[in-house]
Amino acid sequence: MKDRQTSTGFIYRLKYFFEKYGFNVLSRLADRLGMRASNVRLFFIYITFVTAGLSFGVYLTLHFLLKLKDMIYTKRSSVFDI
């Protein structure tokens, strides 16, 4: 029973630590930059979607180029396959 109480206490201390120091990061950054916290949060949300969209676009471009390469450089086994 003692082990369970100490592990529960550890979890609550860990939760308190992250609530105190982790969830307030963007607010502190906004205070330091002299901006509103909502604008900083929106910037991070938008930049997340932009980076995800760019990586998906690069993936689709490379997939298209590889398919195009396979269509151009297909190896034929003989002249009569044309």
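A word on the overall build of the chain. Counting secondary structure elements, the chain contains three helices and zero strands. N-terminal to C-terminal, the α/β element order of the chain is α-α-α. When burial is assessed residue by residue, the chain has 4% of its 82 residues classed as buried. Of the roughly 8,100 Å² of accessible surface on the chain, 68% is carried by carbon and sulfur atoms.

Right, let's get into the pattern of salt bridges. Counted according to the given criterion, the structure contains two salt bridges. One salt bridge connects Glu19 with Lys15, and the closest N-O pair in it is separated by 3.9 Å. You can see Glu19 and its partner Lys15 sitting in helix α1 (residues 2-21), four residues apart, about one turn around the helix. Judged by relative accessible area, which is 47%, Lys15 ranks as partly exposed. Salt-bridge contacts for Lys69 lead to Asp70; the nearest nitrogen and oxygen are separated by 3.4 Å. A relative accessible area of 44% means that Asp70 is categorised as partly exposed.

Turning our eyes to something else, we now look at the packing of aromatic side chains. A full pass over the atoms with the stated rule returns four aromatic pairs. Pairing Phe17 with Phe18 gives two aromatic rings, centres 5.6 Å apart and planes at 70°, and the pair type is edge-to-face. Within the aromatic cluster, the residues linked to one another by ring pairs are Phe17, Phe18 and Tyr21.

Turning next to the packing of helix α2 (residues 25-33) against helix α3 (residues 37-72). One way to put it is that α2 packs onto α3 with a least axis distance of 8 Å and a crossing angle of 115°. Between α2 and α3 lies a crossing whose hand is right-handed. Residues Leu26, Ser27, Leu29 and Ala30 of α2 lie in contact with α3, whose contacting residues are Ala37, Val40, Arg41 and Phe44. Classifying every residue of the contact of α2 with α3 gives six nonpolar, one polar and one charged.

Turning our attention to the confidence of the model for the chain. Chain-level statistics for the chain give a pLDDT mean of 84 and a share of 84% at 70 or above. The element-level mean pLDDT for the chain is lowest in α1, coming to 78, with α3 highest at 91.

Here is what the cut-offs are and how they apply
Residues numbered from 1 in each chain as written. Predicted model: local features only at pLDDT ≥ 70, side-chain atom pairs only at ≥ 80, totals over all residues. Heavy atoms only, no water. Helix = DSSP H or I, 4+ residues; strand = E, 2+ residues; numbered from the N terminus. Buried < 20%, exposed > 50% of the residue type's maximum accessible area, 1.4 Å probe, protein only. Areas by Shrake-Rupley, 256 points an atom, 1.4 Å probe, with all protein chains shown as cover. Salt bridge = Lys/Arg side-chain N within 4 Å of Asp/Glu carboxyl O. Phe/Tyr/Trp six-rings, centres within 6.5 Å; stacked < 30°, edge-to-face > 60°. Axes fitted to C-alpha atoms, helices over the stretch in contact; angles between N-to-C directions. Left-handed = near helix turned anticlockwise from the far one by under 90°. Contact = heavy atoms within 4.5 Å. Nonpolar A, V, L, I, M, F, W, Y, C, P; charged D, E, K, R; others polar. pLDDT = per-residue confidence, 0-100.

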